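# Structural overview
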Amino acid sequence: MTAIPEPRTAELAQHLEALDERIERACLAAGRQSGDVTTIVVTKTWPVSDARRLVDLGVHELGENRDQDARAKAEACSDLPITWHFIGQLQRNKANSVARYADYVHSVDRIPLVKALDSAAERAQRRLGCFVQVSLDRDPAGHEGPVGHRGGAQPESVADVCQSVADSDQLDLVGLMAVAPLDEAAEDAFTRLADIHQSVIRDFPEAAWLSAGMSSDLESAIANGATHVRVGSAVLGEREYVR
Ligand SMILES: *Cc1c(COP(=O)(O)O)cnc(C)c1O
């Protein structure tokens, strides 16, 4: 007989079940297998105890967007089988830290950052999987503010960033990543992303993965080929502050 789970674990289990159903429905609608979509649960702003509960519930792919929090959480969970995805905008001076705990970095968007991550991974004697982040903002100049700017290489420089990752010693190019812009329907933005992904795959067949879709727009992302969805609030609840 299994013990009755404590309330927070029961809540997370229920949210995970609802999320699986959403993903299954979206895959069915898109004619895809639900096994082709990996869920990364984004634990940012939530405590280590929630990360432990998620692992107990069978979730092994976790995402974080700030180095300081991610590093502390990864250290506190070093006894657990977790694959850590770093999904936030990344400054070069954080590369050494991130390379020590992250398995994947989703926000690789410029060549100097590629070089910093490659040296950092070398120093840490680790390999890092890299998603090249694409900006889907149609008017980059209009989105320089702290709210609007979500990182990412402009579509025309994505191939160069991919080439730089492919030429690295310690980095593995695995795919592309994007966040839907705030001022455009996610379907439209993710349709453009799918086209960019198709053209990247022609030159870099190893870039087969597509990290797109969050709590609010994962259906549109799955319809457009996402292989990895990054879901926070639909599993853990509303965050008290937005980052
Ligand atoms: C926070 C975050 C997510 C998850 O967002 P939710 O809306 O909570 O699902 C996904 N991707 C990135 C880059 C994030 O920063």
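Residues numbered from 1 in each chain as written. Predicted model: local features only at pLDDT ≥ 70, side-chain atom pairs only at ≥ 80, totals over all residues. Heavy atoms only, no water.

Moving on, we come to the overall build of the protein. In terms of regular secondary structure, the protein is built from nine helices and eight strands. Along the longest, intermediate and shortest principal axes, the C-alpha atoms of the protein span 55 × 45 × 35 Å. Out of the 243 residues belonging to the protein, those deemed buried represent 49%. Counting contacts in the protein only where the partners sit at least 6 residues apart, residues at least 24 apart contribute 61% of the total. Of the roughly 11800 Å² that the protein leaves accessible, carbon and sulfur atoms contribute 48%. Side chains of the protein carry 25 positive and 38 negative charges; the gap between the two charge centres is 5 Å. (Helix = DSSP H or I, 4+ residues; strand = E, 2+ residues; numbered from the N terminus. Buried < 20%, exposed > 50% of the residue type's maximum accessible area, 1.4 Å probe, protein only. Contact = heavy atoms within 4.5 Å. Areas by Shrake-Rupley, 256 points an atom, 1.4 Å probe, with all protein chains shown as cover. Lys, Arg positive; Asp, Glu negative; His and termini not counted. Charge placed at Lys NZ, Arg CZ, Asp CG, Glu CD.)

Before going further, it helps to examine the site of the ligand. All residues adjacent to the ligand are V42, K44, I87, M214, S215, R230, V231, G232, S233 and R239. Between a nitrogen atom of the ligand and a side-chain N or O atom of R230, the distance comes to 2.9 Å. G232 places a polar main-chain atom, nitrogen or oxygen, 2.8 Å from an oxygen atom of the ligand. Within the complex, 89% of the 390 Å² of free accessible area of the ligand lies under protein. Here the shell around the ligand is composed, by residue class, of four nonpolar, three polar and three charged. (Near = heavy atom within 4 Å. Polar contact = N/O pair within 3.5 Å; in protein donor to acceptor, adjacent residues only side chain to side chain. Nonpolar A, V, L, I, M, F, W, Y, C, P; charged D, E, K, R; others polar.)

Now for unusual backbone geometry. Its identity is not glycine, yet T45 carries a phi of approximately 70°, on the positive side. Here T45 shows up in the loop between β1 (38–42) and α2 (48–56). The phi angle at Q125 is positive, at roughly 50°, despite the residue not being glycine. Relative to the helices and strands, Q125 resides in the loop between α5 (111–124) and β5 (128–133).

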